[in-house]
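Here is how the chains run, residue by residue.
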Amino acid sequence: MINTAPLPREDVRNVQRDARAFGKSRIAFRDLQFCIPGRTAAAPARVILTPTSGVVECGEMVAIMGPSGCGKTTLLDMVAAKKTTAYDGEVFFNGLPRDDLFARLTSYVPQQDLLPAHITVYEAVKFVHELRVEANMSPDEREAAVMDVLRLLGLDSIRDELIGDASVRGISGGQKRRVTLARGLAGGSQIVFADEPTSGLSSTDAETVVRAMAVASARTGVAFVTVIHQPRAEVMDLYHSLILLTSSPGRVVYNGAYEAAAAYFAAAGSPVPSRGNPADFFLDVITPGAHGERSNFFAQRYVELQRDGVEKRVEASLALPKLTPLDVLRETAVIQGLVASDVHATRIAASFTKQLKVLMERTLTITKRNRVGLRLRFGVSIAQGVVVGLAFFDIASKPVVSQISFFFMLLQMGTIANMSVMPELIGTRLLLKNEEADALYSTGASIVVQSSVNNTLAVTGNFITCLLMFAFSQLSWSKFGTLYAWSLLNFLSVTNYLRCIAAIAPNAALSVQTAMPGLLFFILFNNFFVNKATAPVFIKWAIYISPMAWAIEQIVCGIYGFNADLVAFYGYDASTSRTVTALGVLLGEMIFFQCLEVILLKRSNSIVR
Ligand SMILES: Nc1ncnc2c1ncn2[C@@H]1O[C@H](COP(=O)(O)OP(=O)(O)OP(=O)(O)O)[C@@H](O)[C@H]1O
Ligand SMILES: [Mg+2]
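Cut-off values and rules
Residues numbered from 1 in each chain as written. Chains lettered and ligands numbered in written order. Predicted model: local features only at pLDDT ≥ 70, side-chain atom pairs only at ≥ 80, totals over all residues. Helix = DSSP H or I, 4+ residues; strand = E, 2+ residues; numbered from the N terminus. Buried ≥ 20, exposed ≤ 12 C-beta atoms within 10 Å, placed from the backbone. Contact = placed C-beta atoms within 7 Å. Domains from an automatic or database assignment. Nonpolar A, V, L, I, M, F, W, Y, C, P; charged D, E, K, R; others polar. Near = placed C-beta within 6 Å. Pairing = 2+ DSSP bridges. Axes fitted to C-alpha atoms, helices over the stretch in contact; angles between N-to-C directions. Parallel < 35°, antiparallel > 145°, perpendicular 65-115°, else oblique. Left-handed = near helix turned anticlockwise from the far one by under 90°. Arc of directions from axis to C-beta. pLDDT = per-residue confidence, 0-100. Right-handed = clockwise from strand over helix to strand, strands pointing away. Core = buried A, V, L, I, M, F, W, Y, C linked by C-beta atoms within 7 Å. Expected span 1.5 Å × (residues − 1).

A.B. asks: Explanation requested: the overall build of the chain in the structure shown.
C.D. replies: Looking only at helices and strands, one finds 22 helices and 10 strands in the chain. Taken over the C-alpha atoms alone, the chain extends approximately 100 × 65 × 45 Å along its principal axes. Buried positions account for 43% of the 609 residues belonging to the chain. Summarising the internal contacts of the chain: among those between residues at least 6 apart in sequence, 79% fall at separations of at least 24.

Next up, the structure:
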């Protein structure tokens, strides 16, 4: 049975700020606005959000609310520096424009929880702590620090439960949300941005999540800026401030203390009904098209009554002493009992080797725990080896040309087995992109770790297939070394090619189609069925590109090089210099595709906001 961690129903207003509270940051934003430029005269520019200003104080709970499409996510993304499309306006972090360290000092909780299924709650949070909190902490100290965060969010009693997904039994949706929030806090974020952290949860779970945020903000001084839908009155009471927007176009209708909102609406002739939920009522009043709505009236009223006050608060916030991100990082380190000079002003906190270590640990844990995946992978390798091996049983006693067909098939098996690498990579791509955007590690580090683990598994599986096929063939084992070495080089070149496709393919289903033309090219111009002696001149160049063509030539020359007629028949070259060239081409292609993967992964399938 999965534990549900009950949170103490403590009165959030009475929660004391902890002596080790590290949150000390504020945000001010001025005239943030977003417009989609018109492409044609018939499709003019569309204003999504008119200029919006505001402040977020240290330890504040801010709710952004409004009807669908009014620009809530847009506003959150602009403040959080996650909007990838151009927008206007300024955002200041502790009085200074945001810089590279902003991503390290804040966290963004997206609408869906992106967590690997096979790690535990504790491991998920410790991962972020290890990467973001640079310090020579002992393992015990680190564990204590992570446990503090888990306790804060009521997750300590489920620390060893797996996160889980549709196929792995794990924790509940509300608990996952809290794990995602815990990851934000564990990394020492000063501000946590969350887009609809309660959507899709039961109202009890939603309350638990918001209560957890409220307690965390009160204790740590971390501010939470959240877009929220249909909160219960008790949930809304946990917020200090409310930014209420209306739609068509997105405009502010209220920006101030939540406590004062009911009086503000009442003074304008729209009192909250005695037993009504204030949040629902406000939304009804400001949603265009709703019965009795007064959105235009309240948008105008904001301009007349509130806007100047908000702008003054922005100016006042900017007039306070400024705090550089490095100051904040160093002060946090000192509060946490660490050494300030251990903190470096790099976008990613951890060194490259630390990134490799932490990522490697997680990847190995996930791989080991994914038993079904491992069994399937090696089961298929064995089955392939046996079935294809039987088809070529005792090929040793058959003519040389049949033996070459066998070598060709052996290379082919590697290519086919490789196809499974793409869905795997695409499955983890979103998590990877998000963790990179949160400045946890670099693309380079994740590729080194992923490719070494995936390639080790893939190569092992392929080795088993090759070994079994070879055993059935009854060829002399003295030939195996040459055959396997070239098959391995071909295998790795093709894997890296497929990794590139996995980086650009929009999804797993389309990856196979996208990879096909290249794969067919490699397989067709294999230097055996289509070889240099028979290929038309205009297509001969293709044979010089296909890794399979080089591998098959080298295998045949390595094993039957003494047979000059055979070598000439296929247009091969059995010289040593040719072997060196083949080695250069195959290694070159491997490295080329590996580098291309880094570039493609960085450039394509980026999250557009
Ligand atoms: N980068 C963009 N390019 C084009 N349109 C965009 C972009 N970003 C936002 N929009 C449009 O702006 C409008 C507001 O989007 P936004 O996601 O901010 O709304 P929202 O208030 O969060 O709505 P919901 O409650 O449904 O989540 C939508 O019509 C959306 O399609
Ligand atoms: Mg939204």
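A.B. asks: Would you explain the domain arrangement of the chain in this entry?
C.D. replies: It is common to give the size of an interface as the accessible area that goes away when the parts come together. You can read the domains of the chain as domain 1 (12–342) and domain 2 (352–603). Inter-centroid distance (C-alpha atoms) of domain 1 to domain 2 is 47 Å. Taken together, the 15 residues of domain 1 in the interface contact 15 residues of domain 2. Elements with a contribution of two residues or more to the side of domain 1 that touches domain 2: α2 (102–105), β6 (106–109) and α3 (121–132). Examining the composition of the side of domain 1 that touches domain 2, we find that 6 residues originate from one element, α3, more than from any other. Classifying every residue of the side of domain 1 that touches domain 2 by side-chain character gives 9 nonpolar, 2 polar and 4 charged.

A.B. asks: Please explain the site of ligand 1 as it appears in this structure.
C.D. replies: As a structural note, the neighbourhood of ligand 1 is formed by I36, I48, G66, S68, G69, C70, G71, K72, T73, T74, T85 and R609. No other element matches the 3 residues that helix α1 (residues 72–79) contributes to the shell around ligand 1. Here the residues of the shell around ligand 1 sort into 3 nonpolar, 7 polar and 2 charged.

A.B. asks: Hey, could you run me through the sheet that holds strand β2 (residues 46–56) in this one?
C.D. replies: Adjacent strands of a sheet form backbone hydrogen bonds with each other and so pair up, either parallel or antiparallel. The strand order across the open sheet built from 4 strands is β2-β1-β4-β5, with neighbouring strands paired in antiparallel fashion. Each edge of the open sheet is held by one strand with a lone partner, namely β2 and β5 (96–97). With 5 bridges connecting them, strand β1 (residues 27–36) and strand β4 (residues 88–93) associate as antiparallel partners. Residue pairing in the sheet places F29 in a bridge with V91 of β4. Seen against the sheet, α1 touches β1, β2 and β4 and runs at an angle of roughly 130° to β1.

A.B. asks: Which parts of the structure should I look at to understand the packing of helix α20 (residues 547–560) against helix α22 (residues 576–603)?
C.D. replies: It is the contact of α20 with α22, at a shortest axis distance of 10 Å, that shows an interaxial angle of 150°. Taken together, the axes of α20 and α22 are roughly antiparallel relative to one another. Considering only the axes of α20 and α22, their crossing is left-handed. On α22, the residues touching P547, W550, E553 and Q554 of α20 are T579, A582, V585, L586 and E589.

A.B. asks: Is there a simple way to think about helix α11 (residues 325–335) in this case?
C.D. replies: Since the α-helix advances by 3.6 residues per turn, residues separated by three or four positions end up pointing in the same direction. Those residues of α11 that fall on the buried side of the exposure criterion are P325, V328, L329, T332 and A333. Each buried residue of α11 lies within a common arc of 135° when the element is viewed along its axis, so the set occupies one face. Elements that come into contact with the buried residues of α11 comprise β4 and α2.

A.B. asks: Got a minute to help me understand the environment of Q450 in this structure?
C.D. replies: Assignment of secondary structure puts Q450 in helix α16 (residues 443–473). We classify Q450 as buried; it has 22 C-beta atoms within 10 Å. For the pair Q450 and L364, spaced 86 residues apart in the sequence, the C-alpha separation amounts to 9.7 Å.

A.B. asks: What exactly am I supposed to notice about the confidence of the model for the chain here?
C.D. replies: Regions with low pLDDT should not have their predicted coordinates read in detail. Residue-level pLDDT values for the chain average 91, and 98% of them are 70 or greater. The spread of mean pLDDT over the elements of the chain runs between helix α15 (residues 421–437), the lowest at 87, and strand β3 (residues 61–65), the highest at 98. Across residues 1–7, where pLDDT falls below 50, the model places 16 contacts with residues more than four positions away in sequence or in other chains.

A.B. asks: I would appreciate a short explanation of the sheet that holds strand β9 (residues 241–246) in the present structure.
C.D. replies: The 6 strands are arranged β6-β7-β8-β3-β9-β10 in an open sheet whose pairing can be described as mixed. Either end of the sheet is taken by a strand with one partner, and the two such strands are β6 and β10 (251–257). Pairs of neighbouring strands in the sheet enclose a mean axial angle of 15°, with direction left out of account. The sheet strands contacting α1 are β3, β7 (191–195), β8 (223–227) and β9, and the helix crosses β8 at an angle near 150°. Relative to the sheet, helix α10 (residues 295–319) contacts β9 and β10, its axis offset from that of β10 by approximately 50°.

A.B. asks: Explain the pairing of β7 here, please?
C.D. replies: For a regular strand, side chains alternate in direction, first toward one face of the sheet and then toward the other. The buried fraction of β7 amounts to 5 of the 5 residues, a majority that puts the element mostly inside the structure. Alignment of β6 against β7, held across 4 bridges, turns out to be parallel. Residue pairing for β7: S107 is matched across the bridge by V192. Across 5 bridges, the pairing between β7 and β8 is parallel. Among the inter-strand pairings, F193 is bridged to a residue of β8, identified as V225. On the question of chirality, the crossover connecting β7 to the parallel β8 by way of helix α6 (residues 203–220) is right-handed.

A.B. asks: Explain the packing of α3 against helix α12 (residues 352–369) to me, please; I cannot follow it from the model alone.
C.D. replies: Helix-helix packing: each pair is described by the crossing angle between the helix axes and the interaxial distance. Running from N to C, α3 and α12 cross one another at 165°; their axes reach a closest spacing of 10 Å. One finds that α3 runs roughly antiparallel with respect to α12. You can see that α3 and α12 cross each other, and the crossing is left-handed. Residues E123, F127, E130 and L131 of α3 form the contact with α12, whose participating residues are Q355, V358, R362 and T365. Counted by class, the contact of α3 with α12 contains 3 nonpolar, 2 polar and 3 charged residues.

A.B. asks: Which parts of the structure should I look at to understand the nonpolar core?
C.D. replies: Note on soluble globular proteins: their nonpolar side chains tend to be buried together. With 104 residues, the main nonpolar core has V62, V121, V125 and A182 as its most contacted residues. A domain split of this core shows at least three residues from each of domain 1 (12–342) and domain 2 (352–603). Setting aside residues no more than four positions away along its own chain, V125 makes contact with V146, V149, L150, V179, A182, R183 and A186. F392, F407, A417 and L601 belong to the second largest nonpolar core, which has 53 residues in total.

A.B. asks: Quick question: what am I supposed to make of helix α17 (residues 480–504) here?
C.D. replies: Over its 25 residues, α17 runs 36 Å from end to end, which matches the ideal 36 Å to within 8%, given 1.5 Å per residue. Of all 25 residues in α17, 18 are buried, a share of seventy percent or more.

A.B. asks: Would you mind going over the environment of V530 with me for this structure?
C.D. replies: Relative to the elements of secondary structure, V530 occurs in the loop between α18 (508–524) and α19 (540–545). The spacing of V530 and I543 is 13 residues in sequence and 8.3 Å in space, taken between C-alpha atoms. Beyond its immediate chain neighbours, meaning those up to four positions away, V530 contacts L524, F525 and A535.

A.B. asks: How should I be thinking about the pairing of β3 in this particular structure?
C.D. replies: Burial within β3 is extensive, with 5 of its 5 residues counted as buried. In this sheet, β9 lies alongside β3 in parallel orientation, the contact comprising 4 bridges. From the neighbouring strand, I64 faces β9, where its bridge partner is I243.

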